[in-house]
Amino acid sequence: MRKTEKIGGFTVEAFPHVDGKRVQWMVQLSDLPHVWSVAESLPEARKALVIKWQLTADAFKAAGLPVPIPKRLRGNKRIL
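Everything quoted here is computed from the prediction, not taken from an experiment.

**Q** Tell me about the overall build of the chain, residues and numbers included.
**A** Along its length, the chain carries 1 helix and 4 strands. Taken from N to C terminus, the helices and strands of the chain fall in the order β-β-β-β-α. Split into buried and exposed, the 80 residues of the chain put 21% on the buried side. In the form shown here, the chain has an accessible surface area of approximately 6400 Å², with 60% of it arising from carbon and sulfur atoms.

Written out as structure tokens, the structure is:
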């Protein structure tokens, strides 16, 4: 089983975007879609997303607001 990648407790979602002949990667946090990054390679996009997450968390702290946390999944996910 593959472990999902997380930043700040949020799951990272990655989407390829083909523009002409080149592929760019867009990555975002699952519950915070406004925190996203685009780069030529997946590792570069992830590094940029880590920086954007830190800036977002710092902005919340500077405003005196609690830093967002991921939603807690509830319920039974098994299919009976």
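**Q** If you had to explain the pattern of salt bridges to someone new, which residues and values would you point to?
**A** What the rule picks out here adds up to 3 salt bridges. Between glutamate 5 and arginine 46 there is a salt bridge, with its nearest N and O atoms 1.8 Å apart. Note that glutamate 5 is positioned in the segment before β1 (6-7) and arginine 46 in helix α1 (residues 42-62), a separation of 41 residues in sequence. Classification of glutamate 5 as partly exposed rests on a relative accessible area of 36%. With relative accessibility at 31%, the residue arginine 46 sits in the partly exposed group. One salt bridge connects arginine 22 with glutamate 40, and the closest N-O pair in it is separated by 3.4 Å. In this pair, arginine 22 is assigned in strand β3 (residues 22-29) and glutamate 40 in the loop between β4 (36-39) and α1, connecting sequence segments 18 residues apart.

**Q** Please set out the pairing of β3 residue by residue, giving values where relevant.
**A** Side chains on a regular strand alternate between the two faces of the sheet. Sheet topology places strand β2 (residues 10-19) next to β3; 8 bridges connect them, and they run antiparallel. Residue pairing in the sheet places phenylalanine 15 in a bridge with methionine 26 of β3. A loop of 2 residues connects β2 with β3, the two strands running antiparallel in sequence, and glycine 20 in this loop sits at a positive phi of about 70°. Examined bridge by bridge, β3 and β4 share 4 bridges and lie antiparallel to one another. The residue of β4 that forms the bridge with tryptophan 25 is alanine 39.

**Q** Which residues make up the sheet that holds β4, and what are the values?
**A** Judged by pairing direction, the sheet is antiparallel, and its 4 strands sit side by side in the order β1-β2-β3-β4 without closing on themselves. Looking along the sheet, the strands with just one partner apiece sit at the ends: β1 and β4. The strands touched by α1 within the sheet are β1, β2, β3 and β4, with β3 carrying the most contacts at an inclination of about 30°.

Procedures and definitions
Residues numbered from 1 in each chain as written. Predicted model: local features only at pLDDT ≥ 70, side-chain atom pairs only at ≥ 80, totals over all residues. Heavy atoms only, no water. Helix = DSSP H or I, 4+ residues; strand = E, 2+ residues; numbered from the N terminus. Buried < 20%, exposed > 50% of the residue type's maximum accessible area, 1.4 Å probe, protein only. Areas by Shrake-Rupley, 256 points an atom, 1.4 Å probe, with all protein chains shown as cover. Salt bridge = Lys/Arg side-chain N within 4 Å of Asp/Glu carboxyl O. Pairing = 2+ DSSP bridges. Contact = heavy atoms within 4.5 Å. Axes fitted to C-alpha atoms, helices over the stretch in contact; angles between N-to-C directions.

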